[in-house]
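Here's the letter readout for the chains.
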Amino acid sequence: MHANTRALWHDRKDPMKVYGKPVDEQTRCVHYRTDKDIIAIKFRCCGKYYPCFRCHEECSDHAVKVWPEGQWQERAILCGVCRTELTIAEYRASSCCPSCSAEFNEACRNHAHLYFDVSSKDAVSERSDSRPRAEMASPMASAVWISPTITGTTIS
Ligand SMILES: [Zn+2]
Ligand SMILES: [Zn+2]
Ligand SMILES: [Zn+2]
């Protein structure tokens, strides 16, 4: 007899389940389904994989939280071709899957800010040099002009 020890309550729990509106097994969705759209992204807010931010927008009831740079070592990118989970840092450093060499869609980079906090990379400098200008009218040293009184005495 073969004993199936798998706990039933745990049966359907798949950490790599892709939510939203995927259209195939490689995580393409109704919004993005070119050959290269093969990754799903785990969202910081709910810890669930979605094929894209629009899937998240349409299928979740909350606003997206992006991954702060300090957490880019988290495995939050799923390659739909080989089902390998990459870290955000790995994904951002590659143009194709390090595991199966499937090419990533480079256009995704334009949307990076929707998933990851890239503000520190983009904002080169934020100097605020606008000090309120003190416009003091310097009081002119008022020269007191003392006109000499001319006392003319004519003696005849
Ligand atoms: Zn979410
Ligand atoms: Zn989508
Ligand atoms: Zn892969």
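Fair warning: this is a prediction, and the values are worked out from it, not measured in the lab.

On to the overall build of the chain. A count of helical and extended segments in the chain gives three helices and four strands. Taken from the N to the C terminus, the helices and strands of the chain come in the order β-β-α-β-β-α-α. Burial analysis of the chain (156 residues in total) assigns 21% to the buried set. A fraction of 43% describes how many contacts in the chain between residues 6 or more apart in sequence connect residues 24 or more apart.

Another point: the pairing of strand β3 (residues 75-79). Each regular strand shows side chains that alternate between the opposite faces of the sheet. By the criterion of burial, β3 is predominantly enclosed, with four of the five residues buried. Two strands pair when backbone bridges link them, and strand β1 (residues 39-42) and β3 are joined in this way by three bridges, in the antiparallel orientation. When the sheet's bridge partners are listed, Ala40 is paired in β3 with Leu78. Where β3 lies against strand β4 (residues 85-87), three bridges are found, and the strand directions are antiparallel. Residue Arg75 lies in a different strand from β4, and its bridge partner there is Thr87. Here β3 folds back onto β4, and the loop between the two strands holds five residues, one of which, Arg83, carries a positive phi near 65°.

Per-residue confidence for the chain gives a mean pLDDT of 81, with 69% of residues at or over 70. Below a pLDDT of 50 lies the segment residues 3-11, which in the model reaches one contact outside its immediate sequence neighbourhood of four places, other chains included. Contacts from residues 123-132, a stretch scored under 50 in pLDDT, to residues over four places away or in other chains number zero contacts.

Ile39, Ala40, Ile41, Tyr50 and Ile77 are the most contacted members of the largest nonpolar core, which has 22 residues in total. For this core, the secondary structure elements donating two or more residues are β1, β2 (49-50), β3 and α2 (88-93). Ranked by residue count, the leading element in this core is β3, at four residues. Setting aside anything within four residues of it in sequence, one finds Ile77 in contact with Ile39, Ile41, Glu85, Leu86, Ile88 and Tyr91.

A few words now on the pairing of β1. Residues Ile39 and Ile41 point to one face of β1 and Ala40 and Lys42 to the other, with burial holding for every one of them. Direction of pairing for β1 relative to β2: antiparallel, over a ladder of two bridges. Bridging across to β2, Ile41 finds its partner in Tyr50. Counted between consecutive antiparallel strands, the loop separating β1 from β2 contains six residues, among which Gly47 sits at a positive phi close to 70°.

Each value, and the rule that gives it
Residues numbered from 1 in each chain as written. Chains lettered and ligands numbered in written order. Predicted model: local features only at pLDDT ≥ 70, side-chain atom pairs only at ≥ 80, totals over all residues. Helix = DSSP H or I, 4+ residues; strand = E, 2+ residues; numbered from the N terminus. Buried ≥ 20, exposed ≤ 12 C-beta atoms within 10 Å, placed from the backbone. Contact = placed C-beta atoms within 7 Å. Pairing = 2+ DSSP bridges. pLDDT = per-residue confidence, 0-100. Core = buried A, V, L, I, M, F, W, Y, C linked by C-beta atoms within 7 Å.

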